[in-house]
Amino acid sequence: MTSELIDRLRAYPPTGHPPSFATADVAYAVHDTALGRMLLARKGSGPLVASVFVTDSTVEDRTLDRLASAVSPRVVRIPEALDDVRRRLDDYLAGGRRVLGVELDWALASPWQRVVLGALARRVPYGARTTYGQLAAWAGRPRAARAVGAALGANPLCVLVPCHRVVAARGALTGYAGGLAAKALLLDLEARAA
Amino acid sequence: MPLPPFQRLVDAYWRDVARLAHALMGGDEGDDVAQQAWTQAYAAYPSVRSSANLRAWLLTITHRCAMDAHRARRRRPTPVDDGPLHASAARTPAAAADATLPDALLWRRVVALPDRQRDAVLLRYVADLEHRDIARALGTTATATRRLVSDGLATLRRDLT
């Protein structure tokens with residue numbers, strides 16, 4: 001009798017809907033681009049703090065964990081907060097613009113990544129390419145091509161900080177977080193427009 | 001353990017918060033109370049010290065928001081055309097049971113329970129909280145909580161036979 005009553009109480013039906021938030025310390029969206037699925041995150045309505053390829057579900061979880069510890073645990077999915085960035089990115093990937101014009105935040109980058117990615121962003125414009133060795137030299141560690149590769153591989157601001165423009169000394173495409181097809185697509189896009 | 005991204009709490013627990021909010025409010029204003037609970041949880045989240053038992057933390061906030069809503073409702077003047085029935089129902093926190101619920105007879109009886117018995121029963125069986133978490137939400141001891149739950153069940157059993 002009591003257990004039947006408890007079962008009836010437990011059977012209170014599902015109801016309601018998820019809460020909505022207008023803004024958050026970190027707002028993010030998962031966006032399907034021409035290159036594949038990407039996670040974009042910004043600080044409130046401020047700079048972009050993450051742009052990574054979601055090649056599997058663990059990437060999304062790990063990126064959100066890193067944002068929670070590096071920026072704020074108040075990480076909330078608010079797709080509308082990224083509408084402007086998504087539009088710019090789509091436009092860029094369709095060849096409609098050469099500059100994304102989005103302010104960047106380096107919270108997820110290590111000090112070494114900031115050196116390497118900073119040099120890359122400053123020195124390698126749209127349509128240009130460089131090599132791991134050249135980037136190592138610019139970063140002040142000419143023999144650290146391998147460490148440059150590691151820094152690029154974990155780029156928290158893919159596409160916006162153009163690690164796709166870094167190729168092997170003989171011109172081979174080598175690796176890319178979004179897959180080699182994505183890298184080829186980006187380089188082709190820039191070559192056509194240049 | 002660092003705090004997980006807030007969105008993980010939303011994804012894991014929004015259904016639990018919504019059900020409890022609706023049950024505590026008798027269906028009425030449940031959506032508002034659930035949203036308020038999330039807004040308060042978001043505001044307080046950075047100062048949470050332990051990531052253990054975040055579910056109980058959220059449901060305790062939900063309960064508090066429901067109590068606030070009941071208090072606000074009691075302060076509001078009752079519209080004249082609502083008649084005496086509504087005015088007397090407003091004494092109890094859950095003013096009315098949601099007639100659209102399956103098992104509406106049971107939920108009418110739950111609404112009619114004394115306030116603390118009803119809260120204890122709902123926190124125990126709709127929210128599925130442990131006695132010590134319910135005790136914290138109600139500002140009492142685990143022993144008193146067990147008594148509230150069993151008294152509530154006894155009353156319901158009597159009413160339903």
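Preceding this section is the structure that the text describes.
Residues numbered from 1 in each chain as written. Chains lettered and ligands numbered in written order. Predicted model: local features only at pLDDT ≥ 70, side-chain atom pairs only at ≥ 80, totals over all residues. Heavy atoms only, no water.

Okay, the environment of Ala34(B) next. All names here are of chain B. Assignment of secondary structure puts Ala 34 in helix α2 (residues 30-44). In sequence terms Ala 34 and Leu 106 are 72 residues apart; their C-alpha atoms lie 23 Å from each other. Residues within four places of Ala 34 in sequence aside, it is in contact with Val 17, Ala 18 and Ala 21. (Helix = DSSP H or I, 4+ residues; strand = E, 2+ residues; numbered from the N terminus. Contact = heavy atoms within 4.5 Å.)

Let's shift gears to the interface of chain A and chain B. Contact residues are listed per partner, giving 31 residues for chain A and 37 residues for chain B. At the boundary of chain A with chain B, total buried surface from both sides reaches about 3,200 Å², with 64% on carbon and sulfur atoms. Considering only the surface of chain A that becomes buried against chain B, Leu9(A), Tyr12(A) and Arg74(A) emerge as the three largest contributors, covering 24% of it. For the pair chain A and chain B, the interface holds five salt bridges. Linking Arg10(A) and Asp128(B) is a salt bridge whose minimum nitrogen-to-oxygen distance equals 3.3 Å. Our count for the contact surface shared by chain A and chain B stands at 16 residue pairs in polar contact (both at pLDDT 80 or more). Looking at the side of chain A that touches chain B, the elements that each hand over two or more residues are α1 (2-10), α2 (57-70) and β4 (75-77) of chain A. Across the side of chain A that touches chain B, the residue classes tally to 18 nonpolar, six polar and seven charged. (Buried area = accessible area lost by both parts, 1.4 Å probe. Salt bridge = Lys/Arg side-chain N within 4 Å of Asp/Glu carboxyl O. Polar contact = N/O pair within 3.5 Å; in protein donor to acceptor, adjacent residues only side chain to side chain. Nonpolar A, V, L, I, M, F, W, Y, C, P; charged D, E, K, R; others polar.)

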